[in-house]
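Read off the chains here:
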Amino acid sequence: MSTRDLVLSALFAAIIVALGMLPPITLGFIPVPITAQSLGVMMAGVVLGARRGTIAVLIVLVLVAIGLPVLSGGRGGLAAFAAPTTGFLIGWVLAAFTTGYLSERLVQAEQGATRQTVGFFLAAMIGGIVVLYACGIIYLALVAKIGFSAAFFGSMAFIPGDVLKAFVAALVGRAVLAGYPLLPVRS
């Protein structure tokens, strides 16, 4: 891993942590709060690619594990990995990897702006919503013992906000690609 890769991964880890400073919104009928940190996960995958985006998320999870209050709401420590939301934390790793992998395949520097934005949006939707929710819902259903149907339908309340986050991540990815083309050298 080059110094540049490490710096970019650390930068996006800091962005994910900074997005955690926004207060979480709890809906009450499901123990998973709405946070802005999943936007950071999507952006890490879109901008940095699979490898560096995944490393950015792993840095954040290591910070959580050593006890730093970097999760939304000032949470941190090993207790964060024993909560019903742990599946979503685990899902961040797979979401960043999937988003980055798909971004690397769907978006090319020679494409038009609209096609690049759509490619980033699809990558963020699949990685940041489908993959993340699969991990989070399965874990939530098993740990909270609420059943897969209840966990699935309870999580659907978060989809509109996450679609908006995917759109923002796509716009950020497109802007970074236009201004500082990291995508072609994301291996």
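In what follows, the structure referred to is the one given above.
All of these numbers come straight from a predicted model, not from anything done at the bench.

I'm lost on the environment of V131 in this one. Help?
Mapping V131 onto the fold places it in helix α5 (residues 113–144). In this structure V131 touches L94, A95, T98 and I126, once residues within four positions along its chain are discounted.

Explain the packing of aromatic side chains to me, please; I cannot follow it from the model alone.
Centre distance and the angle of the planes are the two values used to describe a pair of aromatic rings. In this structure the tally under the stated criterion is four aromatic pairs. With 6.1 Å between their ring centres and 20° between their planes, F97 and Y101 make a pair best called stacked. Placement of the pair is F97 and Y101 together in helix α4 (residues 86–106), with a separation of four residues, close to one helical turn. Taking relative accessible area as the criterion, F97 reaches 41% and is therefore assigned partly exposed. Ring centres 5.1 Å apart and planes at 80° place the aromatic pair F152 and F153 in the edge-to-face group. With a relative accessible area of 37%, F152 lands in the partly exposed category. The exposure class assigned to F153 is exposed, which follows from its relative accessible area of 59%.

Even after reading the chapter, I still don't get a nonpolar patch on the surface, so can you show me in this structure?
On the surface, a nonpolar cluster with roughly 390 Å² of combined accessible area is contributed by L106, V118, L122, I126 and V130. Tracing the backbone shows V118 in helix α5. With relative accessibility at 44%, the residue V118 sits in the partly exposed group.

Before we go on, may I ask you to explain helix α2 (residues 37–48) in this structure?
Residues lying three or four places apart along an α-helix face the same way, a consequence of the helix completing one turn every 3.6 residues. Between its first and last C-alpha, α2 extends 16 Å over 12 residues, near the 16 Å set by a 1.5 Å rise per residue. Turning to α2, its buried residues number three or more, namely Q37, S38, L39, G40, V41, M42, M43, A44, G45, V46, V47 and L48. Check the buried side of α2 and you find it contacts α1 (3–19), α3 (50–65), α4, α5 and α7 (159–179). Trailing α2 by a residue or two, G49 shows a phi angle of about 95°, which is positive.

Please clarify how unusual backbone geometry should be interpreted in this entry.
For residues other than glycine, phi is negative in most cases, and the peptide bonds are mostly trans. We note that K145 has phi near 55°; this positive angle belongs to a residue other than glycine. Secondary-structure assignment places K145 in the loop between α5 and α6 (148–155). Look at K145 and you get exposed, because its relative accessible area is 71%.

For this particular structure, what's the right way to read the pattern of salt bridges?
Opposite charge on two side chains allows them to pair when their charged atoms are near. Following the criterion strictly, the structure yields four salt bridges and no others. The partner of R52 in a salt bridge is D5, and the shortest N-O contact between them spans 2.8 Å. Remark: D5 occurs in helix α1 and R52 occurs in helix α3; sequence separation between them is 47 residues. Here K165 makes a salt bridge to D162, at a shortest N to O gap of 3.1 Å. Highlighted residues: K165 and D162, both in helix α7, separated by three residues, approximately one helical turn. Of the two residues, K165 and D162, neither departs from the other in class, the shared state being buried.

Procedures and definitions
- Residues numbered from 1 in each chain as written.
- Predicted model: local features only at pLDDT ≥ 70, side-chain atom pairs only at ≥ 80, totals over all residues.
- Heavy atoms only, no water.
- Helix = DSSP H or I, 4+ residues; strand = E, 2+ residues; numbered from the N terminus.
- Contact = heavy atoms within 4.5 Å.
- Phe/Tyr/Trp six-rings, centres within 6.5 Å; stacked < 30°, edge-to-face > 60°.
- Buried < 20%, exposed > 50% of the residue type's maximum accessible area, 1.4 Å probe, protein only.
- Patch = residues over 30% accessible without salt bridge, like charges linked within 9 Å, V, L, I, M, F, W, Y side chains within 5 Å.
- Areas by Shrake-Rupley, 256 points an atom, 1.4 Å probe, with all protein chains shown as cover.
- Salt bridge = Lys/Arg side-chain N within 4 Å of Asp/Glu carboxyl O.
- Expected span 1.5 Å × (residues − 1).

All we've got here are geometric facts, nothing functional implied.
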